[in-house]
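# Chain and residue survey
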Amino acid sequence: MTAPGARLQVSDVTVRFAGVTALSGVTFTAEPGTIHAVIGPNGAGKSSLFNVLSGIYKPAEGSVRVDGSELIGLAPHRVTALGVGRAFQNASMFAGLTVEENLLLGRHRLGRGGVFAAGLRLPYARRSEREARAKVREVAEFLGVDHLLALPAAELPYGEAKRVDIARALATEPRLLLLDEPAAGMHTHEKVEVRDTIRRIAAERQITVLLVEHDMGLVMGISEQVTVLDFGQVVTTGPPGRVTSDEAVIAAYLGRAGAAQKARSESQPPS
Ligand SMILES: Nc1ncnc2c1ncn2[C@@H]1O[C@H](COP(=O)(O)OP(=O)(O)OP(=O)(O)O)[C@@H](O)[C@H]1O
């Protein structure tokens, strides 16, 4: 049976870099098995949040709980073991390995075989390797990338590489999946596939999906809840219909777009 998706509780998370507060008191909850988007203008803090949630950044303050277990302070591989998988904005595979090898590597730290056990061909290492290969194939079939398993990762076209990167994250059997701009740079028909894939991950596997994405049509079409960040702070969290009509959200987007337009017009030489 598939383990149900995790509840993610982000509480008062603050991240500072020299002179810059990237996140300030960020608080929201993503409910099990739902699709929860995090949106915001450039520089709002979305990547910093994902880096906290995958153990890359340690916040100055705050707590992140996955089904009640504290994530802050865990190394990235421990975060994976806790049930958090991440697909990256730029697919993060080893170019010299095949797709299957990349997917197996993602799972490696979940297995108990280890390098020595595998080298000695100990029975439990062989069993764990068999299980890992079966899981990788099952996930690849679920995402329709099984025909790519034997290919070198370097040969994948951009869109396929992004789908395979989602498969790599899913192969770690996450209960919470972080998707970082899964539709970036994709054609319209590929975006439809990505949308359907994300829906199936939540609906058929009950995995909680946290989605950072700039395509508002995609975000508003599939998310149950949307958290809006601006200047590192939560502007609001709510269902898409409410968020899109929220004055503060409109101001955050239009204000930033208006400022950019003003800067562009001011940089034009007078005619
Ligand atoms: N490693 C870092 N060192 C210094 N400042 C950083 C670092 N990472 C992010 N920042 C700053 O923190 C703020 C938030 O950046 P972040 O990349 O998290 O935003 P974002 O919402 O992901 O933006 P984008 O949509 O452009 O990717 C920005 O002001 C950024 O310049």
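In case you missed it, the structure is sitting above this.
Residues numbered from 1 in each chain as written. Predicted model: local features only at pLDDT ≥ 70, side-chain atom pairs only at ≥ 80, totals over all residues. Heavy atoms only, no water.

### Let's talk about the packing of aromatic side chains
Evaluation of the coordinates by the stated rule reveals one aromatic pair. With a centroid separation of 5.3 Å and an interplanar angle of 75 degrees, the aromatic rings of F17 and Y57 are classed as edge-to-face. Remark: Y57 occurs in the loop between α1 (46-53) and β4 (61-66) and F17 occurs in strand β1 (residues 8-17); sequence separation between them is 40 residues. If you follow R200 out to its NZ or CZ, it ends over the ring of F142, 4.2 Å from the centre. Positioned over the ring face of F142 is R205, at 3.8 Å from the centre of the ring. (Phe/Tyr/Trp six-rings, centres within 6.5 Å; stacked < 30°, edge-to-face > 60°. Helix = DSSP H or I, 4+ residues; strand = E, 2+ residues; numbered from the N terminus. Lys NZ or Arg CZ within 6 Å of the ring centre and 35° of its normal.)

### Quick notes on the nonpolar core
Judged by nonpolar contacts, the single largest core of 44 residues is most densely connected at V164, L170, L179, I198, I201, V209 and L211. Apart from residues lying up to four places away in sequence, I201 is in contact with F142, I166, L170, L177, Q206, I207 and V209. By size, the runner-up hydrophobic cluster in this structure holds 27 residues, among which are V10, V15, L82 and V84. (Core = buried A, V, L, I, M, F, W, Y, C linked by side-chain atoms within 4.5 Å. Buried < 20%, exposed > 50% of the residue type's maximum accessible area, 1.4 Å probe, protein only. Contact = heavy atoms within 4.5 Å.)

### Quick look at the site of the ligand
Looking at the ligand, there are 13 residues lining it, with G43, G45, K46, S47 and S48 nearest. Note that an oxygen atom of the ligand is positioned 3.3 Å from one of the side-chain N or O atoms of N42. The contact in question runs from an oxygen atom of the ligand to an N or O atom on the side chain of S47, over 2.7 Å. Relative to its unbound accessible area of 630 Å², the ligand is 61% covered by the protein chains. Where the shell around the ligand is concerned, the elements lending two or more residues are β2 (20-30) and α1. Across the shell around the ligand, the residue classes break down as six nonpolar, six polar and one charged. (Near = heavy atom within 4 Å. Polar contact = N/O pair within 3.5 Å; in protein donor to acceptor, adjacent residues only side chain to side chain. Areas by Shrake-Rupley, 256 points an atom, 1.4 Å probe, with all protein chains shown as cover. Nonpolar A, V, L, I, M, F, W, Y, C, P; charged D, E, K, R; others polar.)

### Notes on the environment of A132
With respect to the helices and strands, the residue A132 is situated in helix α5 (residues 123-142). Overall, the relative accessible area of 12% leaves A132 in the buried class. Separated by 27 residues in the primary sequence, A132 and L105 have C-alpha atoms spaced 9.6 Å apart. Leave out the neighbours within four places in its chain, and A132 touches L104 and R107.

### Details of the side chain of S54
Locating S54 in the fold gives a position in the loop between α1 and β4. The class of S54 is buried, set by a relative accessible area of 9%. At a separation of 2.9 Å, a polar atom in the side chain of S54 contacts the side chain of R86. Contact partners of S54, with chain neighbours within four places excluded, come to P76, V79, R86 and L178.

### Looking at the pairing of β2
Strand direction decides the pairing type here: β1 and β2, joined by seven bridges, are antiparallel. What sits directly across from V15, in β2, is L23. (Pairing = 2+ DSSP bridges.)

### Some remarks on α1
The buried count for α1 comes to seven of eight residues, which makes it a mostly enclosed element. Taken as a whole, α1 has its buried residues at K46, S48, L49, F50, N51, V52 and L53. Where α1 ends, the next residue or the one after it, G55, has phi of about 85 degrees, a positive value.

### Points about the sheet that holds strand β9 (residues 225-230)
Pairing within the open sheet is mixed, and its six strands lie in the order β6-β7-β8-β3-β9-β10. Both edges of this open sheet fall to β6 (84-87) and β10 (233-238), since each of them pairs with a single strand only. If you compare each strand with its neighbour and ignore which way they point, the axes differ by 20 degrees on average. As paired strands, β6 and strand β7 (residues 176-180) are joined by four bridges and run parallel to one another. Among the inter-strand pairings, R86 is bridged to a residue of β7, identified as L178. Strand contacts of helix α6 (residues 158-170): β6 and β7, with the helix running at about 170 degrees to β6, the strand carrying the most contacts. (Axes fitted to C-alpha atoms, helices over the stretch in contact; angles between N-to-C directions.)

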